[in-house]
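# Examining the three-dimensional arrangement
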2 protein chains.
Amino acid sequence: MSRASEQAYSAIRAFLLSGEAKAGEQLTEDQLTQITGVSRTPVREAVRRLEDELLLVRSDTKRMFVADWSRDDIEEMFALRQMLECHAAERAARRLSGAQMDKLEAVNLALKAAIEQPVPDVARFLEANRAFHEVIIDAAQSPRLAQMLAKLVEAPVVLRTARTYSPEDLRQSARDHDELVAAFAARDADWARAVMGSHLRRAFHTFVKTVGAANTADSIGEP
Amino acid sequence: MSRASEQAYSAIRAFLLSGEAKAGEQLTEDQLTQITGVSRTPVREAVRRLEDELLLVRSDTKRMFVADWSRDDIEEMFALRQMLECHAAERAARRLSGAQMDKLEAVNLALKAAIEQPVPDVARFLEANRAFHEVIIDAAQSPRLAQMLAKLVEAPVVLRTARTYSPEDLRQSARDHDELVAAFAARDADWARAVMGSHLRRAFHTFVKTVGAANTADSIGEP
DNA sequence: GTAGTGACTATTGTATACAAATAACTCCCG
DNA sequence: CGGGAGTTATTTGTATACAATAGTCACTAC
């Protein structure tokens, strides 16, 4: 995507993630023009993308609102992500190239380095985590799967601001990644799938424990 | 979507499905304004949708081409559809309302009526089939799942022009639908999943047999 | 002949003016 | 007061002009 359009996308996205925009609030294209500094044309393109990612929703009459995710929405997204990423792990275990295996191990080292310190570097951890899963999705060689997962993985980032990661969460996550590396090294598709499944399922429970607890039962968007 | 935009979408889609547009051929926005009769703005919106549906692809330098699907692409789409729709069937079996069950049975009757004649009415069969799967996806109550499936189910329609449906294919499909109805009536999620799995897996093999045979190994888009 | 350079063409990207649709408001009538 | 028709304001949709970028082609120097 081109400059203004990309600019609009990331500016609006940042705006939504910042919490400045309240869930359910109406937005207009003119407002977004102000925020993004570009004209309505690229704003509209960005809005379409964000609609597709379900960060924005439209009423029957084309009005635009900040999405308000329910508990069910969150559960749905985690369930789908688990299903798709287990599939990805299985495929990846069968198709992983040597270079990809090396890359995976390197990323895993970076991931461990980020938390094996007095004060864990959560930002670096998250980035390494993202890269780790990206290698797997690449190796799965399924562009449509990658596209679907991208939406699901990106989306909960919206809620991530509220999250706190306990050292134990991070260590457990690192153990999972170690086991995934072992499964991939062994090219054992079933093993990889199984580990990925428990990894993501635990992530779901950690998520509802840390975020869900701080929110109402129906709406997670707003504290 | 509004009038011109929707018009552009369906006109371009029809153009792509008609076979007039050759796989891999470059298209320009100007061409598409001719074809659709609307200006570039709604054309561009339609193009974005079609890109998302992978009917159009763009080069690194923003040029637009008619998608050319490989054998691997087809396999990927069927595999993903099977995974997602099995999940949908399982969920649907647990959540199906009485009204939805009634609707499913009604659609199934229509489906059988379409083929239980001297000359099977394939168009009516396909429509009933679509409606049948739609009821299931609705009942699964997973909007993101529905969105993903919509893309996968719609896409192969592009290739459907070439297909011929043997009476035996249609009868076997009808038997599957009968069994799905039974599984849903029993609210048996495992049964529903299993039947859906074999149903779609067979559909894949029928597909490659009837279409794939008439095409090269690499590219299914062109005869 | 071929690689490189520059002008020219084609194509996509952005801004903006205008049209259509929808929501909000006012004012009148009961 | 309350409800509804007509009017105004707001918002989204479309067309189009212009800008920026990518591709093409011819020409020249080597």
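Just so we're clear, the structure is a prediction, and the values are computed from it rather than from any experiment. (Residues numbered from 1 in each chain as written. Chains lettered and ligands numbered in written order. Predicted model: local features only at pLDDT ≥ 70, side-chain atom pairs only at ≥ 80, totals over all residues. Heavy atoms only, no water.)

## Notes on helix 5 (residues 98-115) of chain A
All names here are of chain A. What counts is decided by this rule: Strands here are runs of E lasting at least two residues and helices are runs of H or I lasting at least four, both read from the DSSP assignment and numbered beginning at the N terminus. To estimate how far a helix should extend, the number of its residues minus one is multiplied by 1.5 Å. Exposure is judged per residue with a 1.4 Å probe applied to protein chains only, and the accessible area is read against the type maximum: over 50% gives exposed, under 20% gives buried, and values in between give partly exposed. Comment: arc refers to directions from the helix axis out to C-beta atoms. It only takes one pair of heavy atoms within 4.5 Å for two residues to be counted as in contact.
Here helix 5 spans 26 Å end to end across 18 residues, near enough to the 26 Å set by a 1.5 Å rise per residue. Among all positions of helix 5, only M101, L104, V107, N108, L111, A114 and I115 are buried. End-on view of helix 5: buried residues confined to an arc of 140 degrees, all on one side of the axis. Away from its buried face, by an angle of more than 90 degrees, helix 5 presents the exposed residues A99 and L109. The inward-facing, buried residues of helix 5 abut helix 6 (122-139) and helix 9 (167-185).

## Side note on the relation of the copies chain B and chain A
Note the threshold: All copies are superposed by least squares; the fitting set is the C-alpha atoms of residues with a pLDDT of at least 70 in both.
Note on the copies: chain B fits chain A at an RMSD of 0.1 Å, the axial shift is 0.0 Å, and the rotation between them is 180 degrees. Those values place the two copies in the arrangement expected of a two-fold rotation axis. A share of 100% of interface residues in chain B that are also interface residues in chain A marks the association as one of identical surfaces.

## A short note on the state of the cysteines
To keep it simple, the criterion reads: Here, the term disulfide refers to a pair of cysteine sulfur atoms separated by no more than 2.5 Å.
By the definition in use, this model includes 0 disulfides over all chains. With no disulfide of its own, A:C86 has B:C86 as its nearest cysteine by sulfur position, at a separation of 15 Å. A relative accessible area of 6% places B:C86 in the buried class.

## What to know about the sheet that holds strand 3 (residues 64-66) of chain B
All names here are of chain B. Under the convention used in this document: Here the rule is simple: two strands pair whenever DSSP picks up at least two bridges between them.
Reading across the sheet, the 3 strands line up as 1-3-2 and stay open at both edges, with antiparallel pairing between neighbours. Two strands bound the open sheet, and with one partner strand each, they are strand 1 (26-27) and strand 2 (56-58). Here 2 bridges tie strand 1 to strand 3, and the two strands are oriented antiparallel to one another. Among the inter-strand pairings, L27 is bridged to a residue of strand 3, identified as M64.

## Remarks on the protein's contact with DNA strand C
Quick note on the threshold: Whether a residue is near a molecule or strand is decided by its heavy atoms; if any one of them lies within 4 Å of it, the residue is near. As used in this structure description, the phrase polar contact means that two N or O atoms lie within 3.5 Å; if the pair is within protein, one of them must be able to donate a hydrogen and the other to accept it, and residues adjacent in sequence are counted only when both atoms belong to side chains. Residue polarity is assigned by list, with Asp, Glu, Lys and Arg as charged and Ala, Val, Leu, Ile, Met, Phe, Trp, Tyr, Cys and Pro as nonpolar; anything else, Gly included, falls into the polar class.
Of all residues adjacent to DNA strand C, which total 20 residues, the nearest are A:A4, A:S39, A:T41, A:T61 and B:R40. Each atom of DNA strand C within 4 Å of the protein was assigned to sugar, phosphate or base; sugar and phosphate come to 67%. Within the side chain of A:S2, a nitrogen or oxygen atom sits 2.8 Å from a sugar or linking oxygen of DNA strand C. Within the contact set of DNA strand C, a base nitrogen lies 2.7 Å away from a side-chain nitrogen or oxygen of A:T41. Broken down by secondary-structure element, the contributors of at least two residues to the surface near DNA strand C are helix 1 (3-18) and helix 3 (40-52) of chain A together with helix 3 (40-52) of chain B. Partitioned by chemical class, the residues of the surface near DNA strand C number 5 nonpolar, 6 polar and 9 charged.

Everything listed here is a matter of coordinates, which is why it stays silent on function.
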